[in-house]
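What follows is the residue order along each chain.
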Amino acid sequence: QAFLGLLGGGGAYVSGIEVGGAEYSFDDRGCHQTEPGKPASSAAASEKERRVLGSATMTPARLRKIIRSVQREFKPAKEQRTPYTYDLVSRNGNHFSTALALALGVDPPPPSLNALANTANMAANLLGSLAGQFGGAMGQASANAQTP
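Residues numbered from 1 in each chain as written. Predicted model: local features only at pLDDT ≥ 70, side-chain atom pairs only at ≥ 80, totals over all residues. Heavy atoms only, no water.

**Comments concerning the overall build of the protein**
Going by this rule: The way it works is that DSSP assigns letters per residue, a run of H or I at least four long becomes a helix, a run of E at least two long becomes a strand, and they are numbered from the N terminus. Three labels apply to residues, based on accessible area from a 1.4 Å probe with only protein chains included: buried if under 20% of the type maximum, exposed if over 50%, partly exposed otherwise in between. The contact criterion used throughout is that any non-hydrogen atoms of two residues lie within 4.5 Å. Exposure was quantified through the Shrake-Rupley algorithm and a 1.4 Å probe, taking into account, for residues, occlusion by the shown protein chains and nothing else.
Summing up its helical and strand segments, the protein has three helices and five strands in all. Its helices and strands taken in sequence order, the protein reads β-β-β-β-β-α-α-α from the N to the C terminus. Looking at the protein residue by residue over its 148 residues, the buried ones come to 28%. Put simply, of all contacts in the protein between residues at least 6 apart along the chain, 55% involve residues at least 24 apart. For the protein, the exposed surface amounts to about 8900 Å²; the carbon and sulfur share of it is 56%.

What follows is the structure, encoded as structure tokens:
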């Protein structure tokens, strides 16, 4: 069975997927395999919830292949910035848990798990869009002011 372990509170959560007797998670240091229920982070955190996401029946070799495949898509923050690099808002441990659950063929974690990061991402995109529009409008106004 695949389990979702949640740590944290106040709207910010850290998650991992337990399958095959180990828990898999991702943070700014990269992907981790730990004992179930034990966070990879040294931060003081306690497990808040554990949910069954479904059952995945496969050979150990197939399981390792799936896990390696998902882990290749999630890189530590220290590496050169790419779409696969850790980002607190757009590519965090909850995104990893969702990707691994889907790759295993079980239900993904609830969308509310990443609600805080998703809200922050939307706000950053909105601010970037508004800044671009404002900058574009200012550039146009400046060009119009210089036209004889």
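**Let's talk about the pairing of strand S3 (residues 22–27)**
Spelled out, the test is: At least two DSSP bridges between two strands are needed for those strands to be called paired.
Across the six residues of S3, six count as buried, placing the element largely inside the fold. Across the two faces of S3 the burial is the same, with Ala-22, Tyr-24 and Phe-26 and Glu-23, Ser-25 and Asp-27 all buried. Joining the antiparallel neighbours S3 and strand S4 (residues 30–34) is a turn of two residues.

**What about the confidence of the model for the protein?**
Here is the rule: In predicted models, pLDDT denotes the confidence assigned by the predictor to each residue on a 0 to 100 scale.
Summarising the model, the protein shows a mean pLDDT of 77, and 72% of its residues fall at 70 or more. Averaged over each element, pLDDT in the protein is lowest for strand S1 (residues 2–9) (50) and highest for helix H1 (residues 60–71) (96).

**Brief notes about a positive patch on the surface**
Threshold: Patch construction takes residues with relative accessible area above 30% that form no salt bridge. Like charges are linked within 9 Å, and nonpolar side chains (Val, Leu, Ile, Met, Phe, Trp, Tyr) are linked within 5 Å. Each reported salt bridge corresponds to a side-chain nitrogen of Lys or Arg within 4 Å of a carboxyl oxygen of Asp or Glu. Neither His nor the chain ends is counted toward charge; the positive residues are Lys and Arg and the negative residues Asp and Glu. Charged side chains are reduced to one point each, which is NZ for Lys, CZ for Arg, CG for Asp and CD for Glu.
Taken together, Arg-62, Arg-64, Lys-65, Arg-68 and Arg-72 make up a surface patch of like positive charges. Here Arg-68 lies in helix H1. The class for Arg-68 is partly exposed, based on a relative accessible area of 44%.

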